[in-house]
Structures are given as C-alpha cells and as structure tokens.
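Residue-level structural notes
Now for the letters of each chain:
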Amino acid sequence: QKEVEQDPGPLSVPEGAIVSLNCTYSNSAFQYFMWYRQYSRKGPELLMYTYSSGNKEDGRFTAQVDKSSKYISLFIRDSQPSDSATYLCAMSEMKTSYDKVIFGPGTSLSVIP
Amino acid sequence: SAVISQKPSRDICQRGTSLTIQCQVDSQVTMMFWYRQQPGQSLTLIATANQGSEATYESGFVIDKFPISRPNLTFSTLTVSNMSPEDSSIYLCSVAYGGRPTDTQYFGPGTRLTVL
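What you see is a predicted model, and the numbers here were worked out from it, not measured in a lab.

For the rest of this paragraph, the subject is the interface of chain B and chain A. Taken residue by residue, the interface counts 22 residues in chain B and 21 residues in chain A. Here chain B meets chain A over a buried area of about 1,700 Å², counting both sides, of which 53% is carbon and sulfur. The interface formed by chain B and chain A holds one salt bridge in total. In this structure, the salt-bridge partner of K100 of chain A is E58 of chain B, at a minimum N-O distance of 2.9 Å. Summed over the shared surface of chain B and chain A, the result is four residue pairs in polar contact (both at pLDDT 80 or more). The leading source of residues in the side of chain B that touches chain A is strand β4 (residues 31–37) of chain B, at three residues.

Residue and element names in this part refer to chain A. Read from one edge of the open sheet, five strands run β1-β3-β8-β7-β6, paired in antiparallel fashion. Taken across any chain shown, the strands that pair with only one partner, and hence form the sheet edges, are β1 (4–6) and β6 (54–58). Taken over all neighbouring pairs, the strand axes of this sheet differ in orientation by 15° on average, direction set aside. The pairing of β6 with strand β7 (residues 61–66) spans five bridges and is classified as antiparallel. In the strand pairing of β7, K56 is matched with A63.

A word on unusual backbone geometry. Going from G9 of chain A to P10 of chain A, the amide bond is cis rather than trans, its omega being 5°. Tracing the backbone through its elements, the reader meets P10 of chain A in the loop between β1 and β2 (11–14). Cis peptide bonds are those with omega within 30 degrees of zero, and the linkage from K7 of chain B to P8 of chain B qualifies with -5°. We note that S52 of chain A has phi near 65°; this positive angle belongs to a residue other than glycine. Mapped onto the fold, S52 of chain A is located in the loop between β5 (45–51) and β6. Overall, S52 of chain A belongs to the partly exposed group, its relative accessible area being 27%. Phi is positive for K70 of chain A, which is not a glycine, with a value near 55°. Along the chain, K70 of chain A turns up in the loop between β7 and β8 (71–76).

What counts as what
Each chain carries its own residue numbering, running from 1 in the written order of its sequence. Each chain takes a letter, starting from A, and each ligand takes a number, starting from 1, following the order in which they are written. Given that the model is predicted, a residue must reach a pLDDT of at least 70 before its local features are reported, and side-chain atom pairs must reach 80 or more before they are shown or counted; all residues, however, enter totals for whole chains, interfaces and linings. Hydrogens and water are ignored here; the side-chain numbers use all heavy atoms of the structure. The criterion used for residue contact is that any of the two residues' heavy atoms lie within 4.5 Å. Put simply, buried area is how much 1.4 Å-probe accessible surface two parts lose in total, over both of them, once they are put together. Any carboxyl oxygen of Asp or Glu within 4 Å of a side-chain nitrogen of Lys or Arg constitutes a salt bridge here. Polar contact is defined as a pair of N or O atoms within 3.5 Å, subject to the rule that within protein one atom must be able to donate a hydrogen and the other to accept it, and that residues adjacent in sequence are counted only when both atoms are side-chain atoms. Helix numbers and strand numbers start at the N terminus; a helix is a DSSP run of H or I with at least 4 residues, a strand a run of E with at least 2. For two strands to count as paired, DSSP must find a minimum of two bridges between them. Axis lines are fitted to C-alpha atoms, over the contacting stretch for helices. Their N-to-C directions set the angle, which ranges from 0 to 180 degrees. Think of it in three bands: residues with accessible area under 20% of the maximum for their type are buried, residues over 50% are exposed, and the middle band is partly exposed, with areas taken using a 1.4 Å probe on protein chains only.

The analysis is restricted to geometry; functional conclusions fall outside its scope.
This is the structure we're talking about:
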C-alpha cells in the first residue's frame with residue numbers, strides 16, 4: 001500500500017461546479033497536511049495547509065482533514081477554467097524540524113468553460 | 001516568494017551519458033531540495049542540499065548516481081550520471097526559507113529529461 005494515494009483523474013467539470021479532490025493515507029502519525037497546485041510545465045505551488053483535523057477555508061477553497069479516517073479533501077467552489085491544473089496533496093509527521101514531506105501522485109482537474 | 005530558474009528546461013540524452021541540471025534562486029536560502037516526478041508517480045525527494053555540508057540522500061538514491069553541489073546560498077546542481085531510460089523524468093528543485101521541509105516550498109519549473 002502506498003503511503004499517500006490520490007485518484008489520478010483526469011477529472012473534468014463544467015465551470016461553476018463544486019469540485020472535491022481527495023487523498024487517503026496510511027501513516028496515522030501524519031499531522032500536517034498541504035495542498036499544492038501544479039499548472040502544466042510549471043512547478044507545484046502551495047495552495048493551503050492545515051494542521052491536525054478540521055476545516056480551513058480560503059476564498060473558494062476549503063481543506064478538510066479527517067484523521068480518524070485518514071482522509072483529506074480539497075473543495076473548490078465556483079470552479080473556474082483557471083483552476084485547471086494538477087492538485088497534489090502532501091503531508092508530514094512534523095515530529096521534528098526535518099521530517100520530510102510525502103506527496104501524493106496528484107489529481108488532474110480540467111474545468112470546462 | 002521566490003523566483004527559481006532551472007537549466008536546461010528539457011533535454012534528450014543517450015544512455016550512459018550524464019546531465020547536470022542547474023537551479024538558481026533569486027535570494028539566499030539555506031535549504032534546497034531536489035525531487036523527481038515521473039508520470040503518474042508521486043513527487044519523490046532525491047536529496048536535501050544545505051550550503052556548506054554534504055547533501056543528504058533519501059533511501060533509493062545514492063551520491064554516485066545523483067551527485068549534488070551547493071557552492072553558495074543561491075545555486076545548486078544535480079547531476080544524473082550514467083543515465084538509463086528509467087531516469088527519464090521531470091527533475092525539480094525547491095527551496096524552503098524557513099529551513100524545514102514543512103515550510104512553504106517554492107519549486108522551480110522543472111527539467112524534462114528523456115533518456116534514449
């Protein structure tokens with residue numbers, strides 16, 4: 001079993017739709033969770049981060065963590081064509097300053113005008 | 001934020017040769033990372049490169065295959081040695097100003113390598 005799993009997609013939605021992107025993980029020690037967005041032929045950029053369980057909202061984006069289920073989600077409201085990208089979840093145990101970050105393989109999202 | 005450039009942006013190489021990838025940052029940063037991103041695979045950390053010390057390699061990656069230099073706080077190189085088709089991938093560098101991998105990482109645009 002891979003440490004972090006994501007449905008690779010591609011996920012195609014019409015403009016304005018609500019998008020749900022998800023990751024599952026196997027390491028119960030993970031407590032710091034991030035979402036990176038990667039446009040084609042670009043490097044990933046940090047979108048949001050959350051610590052432990054709960055929700056965090058930033059504009060049209062909401063990150064949700066359910067540690068009991070080892071499941072995290074990123075919701076995008078009123079999706080725009082500019083949201084078309086690959087979304088990578090990432091997580092870390094964060095027990096020490098040098099705990100590395102484990103990335104998921106990414107979900108490709110296409111928002112159709 | 002950081003502006004990170006990588007050279008070359010892409011290359012096609014022959015089996016058995018080596019390629020050196022350069023990563024330049026527009027400001028000084030202590031911690032720099034090198035990743036590999038293969039199609040459908042997770043972004044995988046190759047090594048962490050801190051200025052003034054030897055790079056720290058992750059399991060499955062060795063210095064003889066991926067030698068790294070970090071001569072100053074704005075520049076690093078990764079060499080992919082004795083290449084095989086399995087080395088075909090996108091190689092990315094990133095930096096973290098906070099000094100920890102969990103701090104916001106800023107990535108370069110990547111180097112697309114194809115080995116024939």
